Amino acid sequence: MGQILVLAEHSQGTLTAVTGELLAAAARLGEPSAVLVGRPGTGDALVAALGALGAQRVYVAEADEAETLLITPAVAALEAAVAAAGAVEGVLITASIAGREIAARLSVRLAAGLINDAVDIESTDDGIVATMQALGGAYIVRAAAKSLPVVTIRPHSIAGTVPATEPERVDLAISLNGAHAAQITAVHAETAATDRPDLMSASVVVSGGRGLGSRENFTLVEQLADVFGAAVGASRAAVDADYCDHNRQVGQTGVTVSPDLYIALGISGAIQHRAGMQSAKTIVVINKDADAPLFEVADFGVVGDLFTVVPQLIEAVRTRRQA
Ligand SMILES: Cc1cc2nc3c(=O)[nH]c(=O)nc-3n(C[C@H](O)[C@H](O)[C@H](O)COP(=O)(O)OP(=O)(O)OC[C@H]3O[C@@H](n4cnc5c(N)ncnc54)[C@H](O)[C@@H]3O)c2cc1C
């Protein structure tokens, strides 16, 4: 089995959840190895944590500029790791804005095959095959690369855990001098005004649409989200009408989510909205129009007025939790 390299993501000294997901995906395909990029000291802080997530080898690229340059440090580290590893069969990166750019640049440097936004991945007789959704989820595409596959994977689409290891650490030398990269000159941490989970990686998302009618009514979405410990999403119509903040928008021009459970309230199901949520494992739709297109992808649907249905749902969940 060849190595599958995973770009480890970390923030404020902690690995992000997507790193575990990428390692779980890598373990399906070959020997999971992580590539860790950061300031000097990052390796000491995080190699053991990557072992706990199943990385058998950790390639560590440390440089003073690693966290002040955008994109290029990760590209350089992955390129160096591929060269150091020898037999690499694939590279997995999260399908974030930065991840897609890193993957694209790496593919050019390595003359590798780029596959973006996979929701599933497997090893077959034809090599690594990734599954993507196309045209707003209307088609499922399975793709394989003829050369080394560099694949970005949608967060929360691949689950699983890998047995913990004591990883071998391999230090890489990367040169960032003269790298053509945007420079980060300041970072302003924003304190989240909510303790709800992050929208992109939440396991439950409750979203509201134009059917909510006002910002005031949109609190019903938040109340339902609270009983599930869910993240709050919205359609573009709801965001444009200022029912909630723009960073809540789910869809083609918003965030793509793949939760275990997606509950849509008063959302019709335009293709641009479906593009961002159709890979959710279970979809529940509440809409007063039985012909709303979102019912076509629903696992459970309730045809009814959300202002009648949702308070009852909140009450039922609370009662069941207390029982
Ligand atoms: C280039 C482009 C990009 C776009 N990107 C996105 C995107 O990223 N995300 C996105 O969401 N949209 C996007 N859109 C917009 C998209 O086409 C739709 O206009 C939008 O998704 C509609 O939002 P909605 O479903 O909330 O509103 P509507 O389509 O108006 O639907 C409202 C629904 O609420 C139901 N309803 C009303 N009252 C109640 C009630 N009391 N109880 C129950 N149900 C009720 C109605 O039956 C209806 O189905 C994009 C459009 C374009 C052109």
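Residues numbered from 1 in each chain as written. Predicted model: local features only at pLDDT ≥ 70, side-chain atom pairs only at ≥ 80, totals over all residues.

Enquirer: Which parts of the structure should I look at to understand the overall build of the chain?
Expert: Scanning the chain from terminus to terminus reveals eight helices and 17 strands. Taken against the 2.2 N^0.38 rule, which gives 20 Å for 323 residues, the C-alpha radius of gyration of the chain at 21 Å falls within 12% of a compact globule. Seen along its three principal axes, the alpha-carbon backbone of the chain occupies a region of about 60 × 45 × 40 Å. Within the span of the chain, comprising 323 residues, buried residues form 45% of the whole. Relative to all contacts within the chain whose residues are 6 or more apart in sequence, the contacts with residues 24 or more apart total 68%. (Helix = DSSP H or I, 4+ residues; strand = E, 2+ residues; numbered from the N terminus. Rg over C-alpha atoms; globule rule 2.2 N^0.38 Å. Buried ≥ 20, exposed ≤ 12 C-beta atoms within 10 Å, placed from the backbone. Contact = placed C-beta atoms within 7 Å.)

Enquirer: I'm lost on helix H2 (residues 42-52) in this one. Help?
Expert: For an α-helix, 3.6 residues make a turn, and residues three or four places apart therefore share a direction. Of the residues making up H2, those classed as buried are Thr42, Gly43, Leu46, Val47, Ala49 and Leu50. Among the structural elements, strand E2 (10-11), strand E3 (14-15), strand E4 (31-38), strand E5 (57-62) and strand E12 (168-172) are those in contact with the buried residues of H2. One or two positions beyond H2, positive phi appears at Gly54, with a value near 105 degrees.

Enquirer: What is the right way to look at the domain arrangement of the chain in this model?
Expert: Accessible area lost during the coming together of the parts is what is often quoted as the interface size. With domains assigned, the chain is organised as domain 1 (3-172) and domain 2 (204-322). Once you take the C-alpha centre of each, domain 1 and domain 2 turn out to be 32 Å apart. On the domain 2 side, the residues contacting the eight residues of domain 1 number 10 residues. Here the residues of the side of domain 1 that touches domain 2 sort into two nonpolar, five polar and one charged. (Domains from an automatic or database assignment. Nonpolar A, V, L, I, M, F, W, Y, C, P; charged D, E, K, R; others polar.)

Enquirer: Where do I start with unusual backbone geometry in this structure?
Expert: Note on backbone geometry: most residues besides glycine have negative phi, and most peptide bonds are trans. Non-glycine residue Gln12 carries a positive phi angle of around 50 degrees. The residue Gln12 is located in the loop between E2 and E3 in this model. With 6 C-beta atoms packed within 10 Å, Gln12 lands in the exposed category.

Enquirer: In this structure, what is going on with the site of the ligand? I would like to understand it.
Expert: If you check the shell around the ligand, you find 27 residues, and the closest are Gly209, Gly211, Arg236, Ala237 and Gly251. Listing elements by their share of the shell around the ligand, those giving two or more residues are helix H6 (236-240), helix H7 (271-274) and helix H8 (306-322). A total of three residues in the shell around the ligand trace back to one element, the largest contributor, which is H6. Counted by class, the shell around the ligand contains eight nonpolar, 14 polar and five charged residues. (Near = placed C-beta within 6 Å.)

Enquirer: Looking at this model, I keep getting lost on the environment of Leu50. Mind explaining?
Expert: Tracing the chain through its elements places Leu50 in helix H2. Residue Leu50 is classed as buried on the basis of its 30 C-beta neighbours within 10 Å. Residues Leu50 and Val35, 15 residues apart in the sequence, show an inter-C-alpha distance of 9.7 Å. In this structure, Leu50 is in contact with Ala8, Leu15, Ala34, Leu36, Ala55, Val58 and Pro167, ignoring residues within four places of it in sequence.

Enquirer: Before we go on, may I ask you to explain the sheet that holds strand E1 (residues 3-7) in this structure?
Expert: Consider a sheet: its strands pair through backbone hydrogen bonds, and that pairing is either parallel or antiparallel. Within the open sheet, the seven strands sit side by side as E7-E11-E6-E1-E4-E5-E12. Their pairing is parallel. Edge positions in the sheet fall to strand E7 (113-118) and E12, since each has one partner strand and no second. For this sheet, the mean angle separating the axes of adjacent strands, direction not counted, is 25 degrees. Note that strand E6 (residues 88-94) and strand E11 (residues 149-153) share four bridges and pair parallel. Across the sheet, residue Val91 finds its bridge partner in E11, namely Val150. (Pairing = 2+ DSSP bridges. Axes fitted to C-alpha atoms, helices over the stretch in contact; angles between N-to-C directions.)

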